[in-house]
Every structure is written in structure tokens, then in C-alpha cells.
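Structural overview
Letter by letter, the chains look like this.
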Amino acid sequence: MGLTLTRAAKWTSAGKLDSTPINSLVLRELMGFVEDFSSLHSQEAEHLFEEPLEWTTTLEASEFEDDYEIKDSGALHSIEKDEHGNPTLLLSPPTISVRNFNQLSNIVNLENGKGMTELQACIEENRMPVVKILGPSYANMKKAVKSKERSHDQAQDLPLDLKMQLLHTLLDFDKQILHKLLKEVSEKFRLNPAYVDNEVEYLQSFCGPGDNNVLKSVQYTSEYEFRNRCRAPLWRQLQGEMCYLVIETYDTETLHITCSSAGVFLNMGVTNEKDDDAYQQASDVFKNLVALLKSKSQQFAECMALQDVQEAPASKKLKDATTQLSLKRINKSAVSSQREEDKASDLDAQKGTRSKNISRFSESTYAEQLSSMRLERGAEECKTQLNPGEVFSETESDSNPSYEEEEQPTRRARNTDQPSEYWQIQKLVKYLRAGDQTATLLTLYALMDYDLKNETYHNAIQDSGGLKVLTNILHLDEVNLQLGSLRILKEISHNAQTRRAIVDNGGLRSIVNVLDSRNKDVKALAAETIANVTSFRRARRTVRKYNGISKLTKLLDCAPDLSNVDAKHEKDVEVARFGVLALWSCSKSPKNKETIHKAGAIPLLGRLLKSTQMNMLIPVVGILQNCADEEICRNAIQNEGIIKDLVQNLSNDNDELRIHCANVIFKCAEDKQTRTLVHDSKGLPALVSLLGKIENVKLMAATTGAIWKCCLSPENLDVFQDHKVLETLIGLLTNQPEEVLVNVVGALAEFSQRPANKITIRKCGGLKPLVQLLVGRNEALLVNVTKVVEACATDMDNMAIIQDLDAIRWVWSLLKNPSPEVQSSAAWALCPCIENAKESGEMVSSLMGAMELVIDLLKSTNDDVLASMCAVIANIAKDKYNLAVLTDYDVVLLLAQLTDKPSDLLRCHLAHAIAQCCTWRNNRAAFGEAGVVPHLVQYLKSQDTKVRHSTVMALHQLSKEANNCIIMHGEGAVKPLIHFMGSDDEKVRNAAADCVRNIRLLFPGQSRAKKSTPCM
């Protein structure tokens, strides 16, 4: 990234990236690198940057997904934080700050299409990103890497730290992108290294001592030759420069010459690659070295004139020499591959019999179609192989594996010892480019005879540009050619590298377009290929962008009765099956799920559930499982009567189908209507029967998840209790993976809401394994476990066991968990534990740091956490000693700061906490001085009964302080308090009466005055 941006990229005077082809290519490559960084380099992606990358953004908080929190101010920060609690992404419009590659990858992968714009803004405002990522020690680290590369054999066994691994990854990418840029530039070269080599060899014949020679020496500045035969550094090759020469003459100073694709010219004296100024042009550009020397050296020019060596003949001689060199290389290659040519010709002869059955069409029409798609470029390259410029271009293309390495998840090492089939396939690709319609079709058949799942054959097709040719063939209207191309693309798309290459070359768009074909085989093959290719996010986004979701959905409308398919509709059902496979793969993206629903796919999937074919049912339910994440899709699943079919398939013998069906029920059963449908369809016994499949983890996770959500309805809970599900679930608390335990404990949390079930949990030995789960790190599991502990702690016998197992200490430690949901759930669990524990006051005070932790969480920004902490404080404050400690920690001021929060749940427990803290006399006055009373008076107008009752209790305690009574009277608290004197709750009734009494005692004169005032 460093070398690419500083030397290869083009910058304007304003510090922005210029609009050039090279910059466009750099941005595309960086986009692909960052987009896939998290999946390819998971450890390096979590490494924190030494300095955050900051830039001006157009992103809004609403464009981010679940892993982020939005503040009231409109700012957004990531849930992921560093060791100091700082978020790794912070958005404060219009500025965004990123601390690791994970978050950078998330930004470019957002579904809003702004990834490229944001990446460009990041680069423009962080011109040296590697320095910010790795810190000022980057230069020393780079030297260390180079020294290790020089002593690779000794250092290869030494482990690298994470920072050094990240540096290696960035340097490797730098080399790859430079190679790829070089390939793009090299295709435009007019001169080439072969031409320069021959010209240098020609000039060296004039070197040496004596009167017969006019030159002292002609030498290259560097003896190192890259695979493309250039000697210039990579970053200079991007400027079209190939090598540098030092020529000594007898009548001039030493000449330092640059040889580039545009010609040759003098430079400022290139001797050191690090001296950028030395590369500057110091003369006009000449078309070759002979012309430059004739203009600079009079002696050389006279010698050329005397020997009648004119510039044109010299150039012709040099061109002839280059041509001979090209012929020599081609002949050498031809000799080494003679056997492969013979085999290929034999193969063509064998395939010749097939041509009799091939539908022929006009060659002129075929040529016109190829011309419109520029497929004839391959034929032109074959005809101009002897052109010197083409020799250089082909050499570079064959020798540079950077393109293939760039897009594959695992790097492909360069292998010069390729099998003969590799070269045969490359020849067949050339036939695809240059042949007529019959030859093209025969070539496609020949390619299909190879084992196209072999990675070597994939590389051969890619290296020779075969992917582009195959996808271009799809634009033709000839069905046979389309079928042949799609069969090959279907096979090679099983390879991850090839899939990415197809998307990069724009091939996926071509495949999506042929879904409109009238030929059913073409549509089926296209859909199957899309199913293979869309295994990563960018491919799925491409399908959606080009309306592929709607086209695939149309394939699902195949037959009126799937349970009994006649011969007429068999082919349509087969096409629908492949369409379902493609939609299944595409449905992994959130926006695609919405698009699938909008395309009307859910009703069609409901019809396909009537099928008896397992290879149809599994992907259909797989799509429903993915789409069930969206509420709009869940509603559609309910309304289309799909739940009944899912329940029926729970009794199928195929475990994979049952897994998907149970998962759909798991996701949809959040809604009461779905739970009722499952109950009415006799789905509960079917789920219970699956609990015996302990050996199948995925099935157990799906089944227990469905049972958990179905337990939310009381009538379902009754059915489960009749089937002894509670006892079965308790038995699953041990020797199960976390994905199963989360659902098992979630179901137990619902069971434990009934008093009788709390006893069952204790008698079946469920408390001990539950407490042992408190030491885990799975947030969902911790939330569910604390819910069970909260419910069980209300039973005194259970509480005794919980206290003996030291569970309260473990629950309290969960308050340190960074997840607000875990903090809140743990705090709610602590409330009954503190209330029912023996000697709870001493127990709380014995926990080191417990009070400090509670006070710290009162500063949380999460309302659920604040409400639960107020409930904890209300229970802690029942002990006078603990209340005194809380008071010393300024609990009064912290509680007072929460009174303006709008949450009714928070207000209810805040009023309870205030009431309990007022048992300490000085706190009553402190609450009054902190401005709590006016807020509490407003709480009396709440629509929530619990808020009003807890507020009355708090005002009763505060009214024992005279100044608070004055404030209550002034805020108009008397009238609503009189209303509460008629409450059905005796405690509330007495508290309201006492509060009114305290207020009236302060204003006896005013009361008498009102009584003695005469009526007007």
C-alpha cells in the first residue's frame, strides 16, 4: 500500500487522486483487498492501528447494521472495543475514525454502494496509511523483513508476531498490485526489452580501444532482470521505463540513458534507485539508441556515415534481429510441445464425428457476432505473434501470477513444471478465440473432456484469458455454444479463485442475462452456475444489481401440482430446482432477502414444499430459513400456510431437511401466531421426538431453539410438560456445545417462570450445571443462565443451594462483562439473590469491589442497565451499613442525574432506589437539593401504574424533610396524592396519606385561612 500510493498512484496538486486509468485500477485492487481482508487474514484484521485512519465521510449511522450502537447525539460507535474500552469505529458526522481492518472491511462491504467512495476519501486524507497502521517503526520493520527474506532458509522456522505478519501481508499486496499495474501498462508498450537488448548488442560491436571503435563501453546500470526482461524498478516500469544504460564515448561526457516504451532519452544520472531526482528527463526523446548517439556524439555520427550505416537500415536490422529472436523462442516452444499438438490434433479428429450432428449456421453471421463482442482480438494476437511488442506482452502475461493470486483466498504458488494438459488447455482457449462456429463448438466439447475440477486446469483457463472468452460466448444467440460455455463455467466455478475471477471480469452479469433464454437447459445451467459463484458477498450483490433475483424467482413457477409431476412439466421442475439452489446461495445477504420477498418468491416456495424430491425440499427450506431473519418474510411465511408443511417435514427421515425446518420454526416462533400454528399442526410432539438425536449437533441446536421459542406460549408449555421435556432439557445441560446450551437454557428460563418447575429443576440436579455455565463467555448463554438463576432464586430452598455454590459471586462478576445485555440480565438476577440470601448485607459487603462496580454502571448509557442497577441499589440499601457505603460513593447525585430519563422501567426502579436510600436521613435533604422532587411529581402523571406506585413511596420518604414538602406543595403534588389515598394497594394508600399529612402539617395557617375565607 505504501509504495503503490506514493509512487504508482497519480495525485493532483490539491492532494486528490487524479482521474486516470492507473488510479482506477489501484482503487479497484485496494477495494478487493480490503473487502476480503477480514475473511482471509482474520488475526491481522483485529490488530489495532497505531493511529486511527480518519476522513470526512458521507456515511450515516442508519446505514450500519447490528454490531454498532447509535447515541442520542447521532454519533455511532462499534460494539467491538479495544483493551481500554475505546470503540474500533467511531462515526461523528461528518468524520469517521477506524482502528483496525475489521471495521475498514465492514465499511467497504456496506450494502449502500459507497465503499469505493469511502475508500478513496480514506486514501486521500491518509496519504501514508501504512505509517498510521504500523507506527513510526514501519521503516525499521521493513528493513527487518528484507533481512529475513535474504536469510529465508534460517528464518523460515521462526514465528512472527502479529504486527510483522500484517506488514508481510501489506508488502505482498504492494508487490501484487505493482505487478498487475505493470501488466496493464506493458500492453501499451511500443518498444520492448527484446528490441533494446538487440540494439545494445549491436552497439557493443562498436566498443573497445583503438581507432576502429567509436564507443568505450555500453553497460546496463543493473544486471538484475525481471521476468518480463525489464531491468527498471517496478514503480518505474509503471511509467513505461524498461532499463537504464551508461554509454561512454570518446568525444563526450558519460551518457546516462533511459530506455522507455515511448523512446530513449538522457536522464540525470541514475545510479541509485532511492534517488528519485535522477530519473528526471534531461533531453529530447529519440526513437532508438542509434539516433540519440548520432545527435550527441559527432565521432559516432561520422563513423555511421563513413560505413554507410543509416538510421533506417539500422532500425530494419534491429527489427529483423528481434523478429529472429521471437521466431527462435516460438520454435523452441513448438519443439517442446510437439507431443501436445499431436494429441490435440488427434482429439480434434475424434471430435470430428460430432460435427455431423451439430446445427450449422452462417459463418458470416458468426463472424459479425464475434466482432461485436471483440472476440476476434485473440485471432489478431495469434496473427501478430512475431511483432516484438507482442512478444514482450505475452512474456509478461505468462510469467506474472499476480492476477490469479490477487483474487483467491489461498495463494497460488508459481509452478513452472506444469503438466502437458495445462498447455493443451491453453491451446484450446486460443482455438476458442480464433476459430469459426464449428471449431469453437468442437473446442468447447474438447475442454469438457478434461476433469475441470482440477485446479491446474482452472489456472490454465485463467492464465490464457479463457474466462473472458467463455462469458463472451454467452452473448451469442447460438444455443449450442451457450450450453457448452455454461457447462464449463459450471464445473470451474467450484473453485474459489475462479469464482472471484468470473465476477471481476464481469462474467456474472453475462450469466444472469442468459436466464432470459427460451431454452430450458440454458436457464438450468445458468442458475446452477450462479449457485456456485455466489458464495461471497460481492457476487450476491452483483446478481441483485442486474435483476437476477427476479429472473431466478420466475424459474420457480414450474408446475401446478408438485406432488404428482407429469412428463410435460418434468423439465420445468428441474429448471426450478436449479433456480432454488441459486436463490438459496443469494439469500445469505440481508438486502437479497428483502428482494426475494418483493419478487414474490415466498408463495412460490410454499408451493414447492409440496414436492416429494429431497433435492428440491432442502434448498427451498434453506431459503425460508435465511429469509426468516426479516420480519416481513416471517409474516409472509405465516400467511402462506407454510408452517403446516414445515411441521409435516419434521417427521421426514432426512436430518438436513429437519434441521432447516426446525430453524425456520425457531426464527418464526417469536410471533404468537406462529406458535399457535405449530401447536394446532401437532408440531410440538414432533419437536419433542427430535430431542433424542443427541449425536447430531445441528439438529439439536435447531430443535431446542424451536422448543425454546414455542415455550413463550402457556398452552405450548403445558404440552411440553406433559411430554416431560423439562427433565430432558435438564439432562442436556452437560456434554453439549454452546449452540445447543444457549437454546436449552433459554427454554429452562421459560419453564422456571412456574413455581412447580423451580422445584423440578432443583430435584433433577439442574442448579449445579447451570451455575457452572456462569464462567463462560458466550453472551447469549450468559443472558439465559442469569434469567434461570433469577427465577430460581425466588425459591428459598433453591436460594440456599445457589448460595452454597457461590453463584452470587459469579453473577456479580458478570457486571464486568462489556455487553449491556449481560450486565442488565446479571443485575436482575442479583435482586432476588440479595433479597433472599442469608445475611445478605454481610455477603454484599464481603465481595471485593462490588459497590464500586454498581456505582460505575450508574454511568452507563443503556437504559436497561440503569434500571437493573437501580433495582440492585434498592436491595443493597436495605442494609444500613451498605447504604452508608453507597452514600459515600455519591449515589444520591448519580441517581438524581437519572430522573430526566423517559424510560418507564427506569423510572419505576429509580423511584424504588430513591425511596430506599431515603432511610438514611441526610439523603432526603440531599435528594431535595439535587432537584429530584419536581421530577418525581411529574412521574405521578405516568400511564404506568408501577411507576406511579413506586413514586408515591419515594415521595412519602422525601416528605419527611420539611424543604421537600414545600417543593411538593409548590409542584401541585397534593391533589394526585389524595387520589392515591383511595388505591387498592394498602402500602400505596398509607404512603400517600402519610405524605399528604406531612405536607399539611407545614401549612396549618394556610388551611385555616382557606376555611375562614367568606364566600363571595
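You'll find the structure just up there.
Presented here is an overview of the structure given in this document. (Residues numbered from 1 in each chain as written. Predicted model: local features only at pLDDT ≥ 70, side-chain atom pairs only at ≥ 80, totals over all residues. Heavy atoms only, no water.)

Some words on the environment of Glu 199
If you trace the backbone, Glu 199 turns up in helix H11 (residues 193–203). On the basis of relative accessibility, which here comes to 2%, the residue Glu 199 falls in the buried class. Between the alpha carbons of Glu 199 and Val 290 there is a distance of 8.2 Å; along the sequence they are 91 residues apart. (Helix = DSSP H or I, 4+ residues; strand = E, 2+ residues; numbered from the N terminus. Buried < 20%, exposed > 50% of the residue type's maximum accessible area, 1.4 Å probe, protein only.)

Details of the packing of aromatic side chains
This model, assessed by the stated rule, comprises 14 aromatic pairs. Ring centres of Phe 33 and Phe 173 lie 4.0 Å apart, and the angle between their planes is 20°; this geometry places the pair in the stacked category. Taken together, the residues Phe 33 in helix H2 (residues 21–35) and Phe 173 in helix H10 (residues 162–186) connect sequence positions 140 residues apart. Note on accessibility: Phe 33 and Phe 173 belong to one class, buried. Ring centres of Phe 49 and Phe 101 lie 5.4 Å apart, and the angle between their planes is 85°; this geometry places the pair in the edge-to-face category. (Phe/Tyr/Trp six-rings, centres within 6.5 Å; stacked < 30°, edge-to-face > 60°.)

Notes on the sheet that holds strand S3 (residues 76–78)
Pairing in this open sheet of 5 strands is antiparallel, and the strands run S1-S5-S4-S3-S2 from one edge to the other. In the strand order of this sheet, the two ends are held by strand S1 (53–56) and strand S2 (68–70), each with one partner. Across the sheet, the mean angle from the axis of one strand to that of its neighbour is 10°, orientation sign disregarded. One ladder, built from 4 bridges, connects S1 with strand S5 (residues 95–98); its direction is antiparallel. Each residue of the ladder has a partner; that of Glu 54, found in S5, is Ser 97. (Pairing = 2+ DSSP bridges. Axes fitted to C-alpha atoms, helices over the stretch in contact; angles between N-to-C directions.)

Looking at the sheet that holds strand S8 (residues 255–260)
Strand order in the open sheet made by the 4 strands is S6-S7-S8-S9, with antiparallel pairing throughout. On the outer flanks of this sheet lie strand S6 (215–220) and strand S9 (263–266), each paired with one strand and no other. If you compare each strand with its neighbour and ignore which way they point, the axes differ by 25° on average. Along the sheet, helix H13 (residues 289–296) contacts S6, strand S7 (241–249), S8 and S9; its crossing angle with S8, the most-contacted strand, is approximately 150°. (Contact = heavy atoms within 4.5 Å.)

Structural notes on the pairing of S8
Counting buried positions along S8 yields 5 of 6 residues, so the element is predominantly enclosed. For S7 and S8, the ladder comprises 6 bridges, and the chain directions are antiparallel. By the bridge assignment, Cys 243 is partnered in S8 with Cys 259. What sits between S7 and S8 in their antiparallel hairpin is a turn of 5 residues. Two elements, S8 and S9, share 4 bridges in a ladder whose sense is antiparallel. The partner of Thr 258 across the bridge, within S9, is Phe 265. Counted along the chain from S8 to the antiparallel partner S9, the turn is 2 residues long.

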